[in-house]
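Structural overview for review
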Amino acid sequence: MRRRVKGEENSDVASLKREILSELEGLSEQQQIDLYYGDEAAVSMEPCVPYGWQFPDEQVAMPSATGKGVNCFALLNRENRAIVETTEETITARFIVEQFERLSLELRRLTVVVVDNAPVHRARVIKERIGVWQQRGLFVFYLPRYSPHLNIVVTLWR
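The rules behind each value
Residues numbered from 1 in each chain as written. Predicted model: local features only at pLDDT ≥ 70, side-chain atom pairs only at ≥ 80, totals over all residues. Heavy atoms only, no water. Helix = DSSP H or I, 4+ residues; strand = E, 2+ residues; numbered from the N terminus. Buried < 20%, exposed > 50% of the residue type's maximum accessible area, 1.4 Å probe, protein only. Contact = heavy atoms within 4.5 Å. Areas by Shrake-Rupley, 256 points an atom, 1.4 Å probe, with all protein chains shown as cover. Phe/Tyr/Trp six-rings, centres within 6.5 Å; stacked < 30°, edge-to-face > 60°. Lys NZ or Arg CZ within 6 Å of the ring centre and 35° of its normal. Salt bridge = Lys/Arg side-chain N within 4 Å of Asp/Glu carboxyl O. Pairing = 2+ DSSP bridges. Bend = angle between axes of the 7 residues up to and from the residue.

Some remarks on the overall build of the protein chain
When helices and strands are tallied, the protein chain shows four helices and five strands. From first element to last, N terminus to C terminus, the protein chain shows the α and β order α-β-β-β-α-β-α-β-α. Across the 158 residues in the protein chain, those meeting the buried criterion constitute 39%. If you take every contact in the protein chain between residues at least 6 apart in sequence, the share linking residues at least 24 apart comes to 69%. Accessible area for the protein chain stands at about 10800 Å²; split by element, carbon and sulfur atoms hold 52% of it.

See the structure below:
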């Protein structure tokens, strides 16, 4: 019997969520809904040169600038439509609420935003607004825990 990682979702729940996500993808492909994947990332002024991108005996250097950097929150769909907001401040649940509010007022049809289980995505201020967004046609779908590979925005940030 496999031991569960602390906080890991029940395998039946995770399986059901993957199945639902597949159904959402199908509805999006048929243009019955709009489906976005959301996540945040930091963009630093200091470059990161991973050792895997150079030959073992090669010295690699990149000029860099110092600075605060930028934090980004993006909503991306499979057609590569991206809605991106940036801030120099930390991305908080309130920042994400503002983005979802704006999106919920511009909907053309039923829309689902897929996010991971980060605390900022599950904050009380977000849960308090979900009912209002659903009335407007915006639904938030939480991925199974520990499954960043299911969120296409993670690929964008990588």
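Having put the structure on the table, let's press on.
What about the packing of aromatic side chains?
This model, assessed by the stated rule, comprises two aromatic pairs. Centroid distance phenylalanine 100 to tryptophan 133: 5.3 Å. Interplanar angle 85°. Geometry classified as edge-to-face. In this pair, phenylalanine 100 is assigned in helix 2 (residues 93–104) and tryptophan 133 in helix 3 (residues 124–136), connecting sequence segments 33 residues apart. For phenylalanine 100, a relative accessible area of 2% translates into the label buried. Cluster of aromatic residues (ring-pair linked, three or more members): Phe73, Phe100 and Trp133. When the ring centre of tyrosine 142 is taken as reference, the NZ or CZ atom of arginine 122 above it lies at 3.9 Å.

Things to note about the pattern of salt bridges
Taken as a whole and judged by the stated rule, the model has six salt bridges. For glutamate 101, the salt bridge goes to arginine 136, with nearest N and O atoms at 3.0 Å. Of the two residues, glutamate 101 is situated in helix 2 and arginine 136 in helix 3; the sequence distance between them amounts to 35 residues. When its relative accessible area of 32% is taken as the criterion, arginine 136 is described as partly exposed. Several salt bridges share partner residues, and in doing so they unite Asp34, Arg108 and Arg109 into one network.

Details of the pairing of strand 1 (residues 34–43)
The buried fraction of strand 1 is high, at seven of ten residues. Relative to strand 4 (residues 111–115), strand 1 is paired through four bridges, and the arrangement is parallel. Looking across to strand 4, one finds that leucine 35 is bridged to valine 112. As paired elements, strand 1 and strand 2 (residues 70–76) share seven bridges and run antiparallel to each other. Counted as the bridge partner of tyrosine 37 is leucine 76 from strand 2.

Observations regarding helix 3
Taken as a whole, helix 3 carries its principal kink of about 40° at isoleucine 130. Within helix 3, burial applies to Val125, Ile126, Ile130 and Trp133. Buried residues along helix 3 sit against helix 2 and strand 5 (138–142).

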